[in-house]
Structures are given as structure tokens and as C-alpha cells.
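# Chains, contacts and geometry: an overview
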Amino acid sequence: MTPYTAWTNARLLVPLPDRKRFQVVEDGLIAARDGRILYAGTKEGAPRLNYTQTHDVGGRLITSGLIDPHTHLVFGGDRAAEFRMRLEGASYEAIARAGGGIVSTMKATREASEAELVRTALTRLDDLLAEGVTTIEIKSGYGLRLEDELKMLRAARALAGHRQVRIKTTFLGAHALPPEYAGRADAYIDEVCNRMIPAVAAEKLADAVDCFCEGIGFSPAQTRRVFEAAHRHGLRTKLHAEQLSNLRGAELAAHYGALSADHLEYLDEAGIAEMSRHGTVATLLPGAFYFVRETRLPPIQALRDAGVPMALATDCNPGTSPLTSLLLTMNMAATLFRMSVDECLMGVTLNAARALGLGHETGALEAGKACDLAIWDVEAPEQLVYRIGARPLHARVFNGVPQ
Ligand code: DI6
Ligand code: FE
């Protein structure tokens, strides 16, 4: 029989029954076996088990391991030169139309080997892990042709062999139009639907399919075709929606039972109502909002009023969010979006898990879930949202194993 492990002398951040707020359980204990939480609560109420290993955490705060549910962590090169151009006045859209933007990262990604992609992604992954991340979603979308999209997804999956972390991959072939398809977006969507999605599904390289539904990306009609193809191959969907304009992508995503609609600055009431009806998670990306100096705020109060679960993610990507900190993401969500401390913490734990279809698996200190823990050198949970640039992680536990 595998041994019981306990973390004792802990303060535990556990969700209240409404799953919108947290409470801190003083003098708490977490019991685990086989990588699963058996019990998380007061020491008094804990089952009397024969623990073979006990970790006294010295009164520290334990949260569920953090989850980054939207990243483009794997890519070649960077876009620092473009950043310089933007500072000199060029807009993101203008750079994209001039052949820069996503297409320049596409070129660097096509040139990189899988091993190179893994090596560069590991540096970014390590930043996230150093802040208590235990689960991360990674999208393809810089290969934009079959072999390079597969290479990106393989690189993303390979990261889990290098670090103790749960990785979910998303196929984002419909991220941008590759130059060889210029003026033939529908033909590229044919390729995405008829060749790429079947190949990705056959190799089981993706857990979901995403699409960039935007004026500079793909239309709602094209998005619909991508979603249909995803469903034919048993894959869930997600959507980049309403980032720069309102094409009613979130409504479409909700209609297709998407796990999440992401960005959402230009989301309207109809989109919110449809998301609420279908339980679609709103994944907000304050790093991209900040980095492109967006001024239109996502409709936080309306999402809150409609009970749409809100997740937060870094959107780590070379063009619009070169961000590898979920703690800073929470601070930005609080400062820029006026989200509450509990909303921020829900956004990177429970709701982030839901955005990945992992609500039953991780994201909360609850019996039955994976024993993914972040142990913090902080007095109170709000410290995790309040401080900027601090590295208060004491230790990370993945699947019951201290890292
Ligand atoms: N929206 C974004 O913010 C990123 N992708 C997307 O669909 C930008 C990706 C990039 O500029 O490289
Ligand atoms: Fe993105």
C-alpha cells in the first residue's frame, strides 16, 4: 500500500461553497496518497491515518497550485524589435498588416527544431513554475503548416518530460494566415479542417482547438468551420474572441460548448448572456491588455452579474504579452480590471481549471483532486495579488511530490 503523506501546521486557502470566495483555514492539514488529496481542512477534523511522511510548513499559507490556462509558450525567436517599433508609434494592427507580427514569429518557429523550441520554452516555463504554477495550457499557432504545427505541439507535450507540471495543449492552426495562402483564407481553413485537425487528433497531440476570430484573424464563418471539424474529431474548443473588435465570437464559442472564450474586451451583453447560459469560462488576459495599451476594459461587472466564471492567464506570447508571471497577472487584473482578491485567486486556480476542462482534477484544495500545492511565505492571500515583483513561493508540490 502506498504511504500517506501530510502537510501540517498550514493555513489553507479553500473555496467557500459558493465557489466565488475563499476562506483561510487556520491550523490546517492536507493528507494525500497516490498524488491525490484525501483531506484538506482543520487538523482537528483530519482522519487519523498512519502518515509515513509529514511536512511541517511552519504556519505558511497553502493554495492550490496555480494554473495558467492560456499561453503561447512555445515559439521561435522574439519580437523585441517590433516592440521598439511600437514605441516609435506603429500600431499592432499596422505591424501585422505589414507582414510583421505573428508571421515573423511563424518564420522563426518554422526554422527552429523541436529541441530548440523545447529549450527556449523551458526558460519561460521555469519562470512560471517559480511562482507555484502546476498546470499550464500551451497553444500551437506559429507553425501554420502541418509539420510545424505538429512540431510545436510535440514540443509543448515534451515539456512535461523535463519538468513536473501538467500540460494541456491546444491546436491553434487558425491563428494567422500564412503568407503562402495570402488572399485565400478559406483555402487555408480547408487545410486546417481537412488535414491539420485530423492529423493532430490522430496523433492525440491536442486537448482542444482554438481559433483567432478577429478582423486580422479569421471570420465567424471560418471559426464555425474549425469548430465543426474539432467536434468531428472529438476535440473541445476555445476561442480568441472580442480582443480588438466585436465579431460576436464569444456567442459563437458558447453556442459550440467551448470551454472558454478569451480576451473579451469588446464583449457585449448578448455574448455574456450566451456564455452564462452555456457555462463558458471568460478567460481574461490583462497582460495583453496592458502590453498593447488597450483602453477598452472587458465588461467585468456584467460578467460578474451574469455569474460567468472568470479565469486569468498570462497569454504568454512574443507579440502582445511577453509575460511569464501569474502573480503579476493577478495584480494587473486587480489594478486594471478592478477584480477582487478572491476573483483574482479564483481566476488562477478553480476557474482556470474549468477553462481547461480540469475542474474535477485540480484547482482547489479538496479531497479527490490532484495534490498540487503552492506553499507561500505570505501572511494573507491578498499579499499574492498586492505585491509587484515579489517571489514569495516557498515550495511547490506536484501530484503529491514536493519539488
Ligand atoms: N491574440 C493575441 O493577443 C496573440 N494571439 C492572438 O490571437 C498575439 C500573438 C502574437 O502577436 O504573436
Ligand atoms: Fe492568445
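What you see is a predicted model, and the numbers here were worked out from it, not measured in a lab.

On to the overall build of the protein, then. Along the protein, the regular secondary structure elements total 15 helices and 16 strands. Residues classed as buried in the protein amount to 59% of the 403 residues present. Within the protein, contacts between residues separated by at least 24 positions form 70% of all contacts whose residues are at least 6 apart in sequence. Carbon and sulfur atoms make up 50% of the accessible area of the protein, which totals about 15500 Å².

For the rest of this paragraph, the subject is the sheet that holds strand S11 (residues 260-263). The strand order S6-S7-S8-S9-S10-S11-S12-S13 describes an open sheet built from 8 strands, whose pairing is parallel. Of all strands in the sheet, those with a lone pairing partner are strand S6 (66-68) and strand S13 (310-312), marking the two edges. Between one strand axis and the next, the sheet turns by 25 degrees as a mean value, whatever way the strands run. Sheet topology note: the strand S10 (residues 236-241)/S11 ladder contains 4 bridges and is parallel.

The next subject is the coordination of the iron ion (ligand 2). Every protein donor of the iron ion (ligand 2) is listed here as His70 (NE2), His72 (NE2), His240 (NE2) and Asp315 (OD), and their distances to the metal cover 2.1 to 2.3 Å. Given 4 donor atoms and angles of 80 to 166 degrees at the metal, the environment of the iron ion (ligand 2) is assigned as irregular. Taking the relative accessible area as the measure of exposure, His240 reaches 3% and is therefore buried.

Take the site of ligand 1 next. In the vicinity of ligand 1 there are 14 residues, among which Arg79, Tyr92, Tyr142, His175 and Thr320 approach most closely. Between ligand 1 and His175, the relevant distance is 2.8 Å, taken from a nitrogen atom to a side-chain nitrogen or oxygen of the residue. Between an oxygen atom of ligand 1 and a side-chain N or O atom of Asp315, the distance comes to 3.5 Å. For ligand 1, whose accessible area on its own is 320 Å², the fraction buried by protein is 100%. Judged by its atoms lying within 2 Å of the grid points, ligand 1 is housed in the largest cavity.

All right, on to the packing of helix H5 (residues 146-158) against helix H6 (residues 185-202) then. Between H5 and H6, the shortest axis-to-axis distance is 10 Å and the interhelical angle comes to 30 degrees. Accordingly, the angle class assigned to the pair H5 and H6 is roughly parallel. The two elements H5 and H6 cross, and the hand of that crossing is right-handed. Taken together, the residues of H6 that come into contact with H5 (itself represented by Leu146, Glu149, Leu150 and Leu153) are Arg195, Met196, Ala199 and Val200. Residue composition of the contact of H5 with H6, grouped by class: 6 nonpolar, no polar and 2 charged.

Calculation criteria
Residues numbered from 1 in each chain as written. Chains lettered and ligands numbered in written order. Predicted model: local features only at pLDDT ≥ 70, side-chain atom pairs only at ≥ 80, totals over all residues. Heavy atoms only, no water. Helix = DSSP H or I, 4+ residues; strand = E, 2+ residues; numbered from the N terminus. Buried < 20%, exposed > 50% of the residue type's maximum accessible area, 1.4 Å probe, protein only. Contact = heavy atoms within 4.5 Å. Areas by Shrake-Rupley, 256 points an atom, 1.4 Å probe, with all protein chains shown as cover. Pairing = 2+ DSSP bridges. Axes fitted to C-alpha atoms, helices over the stretch in contact; angles between N-to-C directions. Donors = N, O, S within 2.8 Å, 3.2 Å for Na, K, Ca; no water. Tetrahedral: all angles 85-135°; square planar, octahedral: opposite > 155°, others 65-115°. Near = heavy atom within 4 Å. Polar contact = N/O pair within 3.5 Å; in protein donor to acceptor, adjacent residues only side chain to side chain. 1 Å grid on protein atoms, 1.4 Å probe; cavity = no way out; pocket = protein on both sides within 12 Å on 5 of 7 lines; lining within 4 Å. Sits in = over half its atoms within 2 Å of the grid points. Parallel < 35°, antiparallel > 145°, perpendicular 65-115°, else oblique. Left-handed = near helix turned anticlockwise from the far one by under 90°. Nonpolar A, V, L, I, M, F, W, Y, C, P; charged D, E, K, R; others polar.

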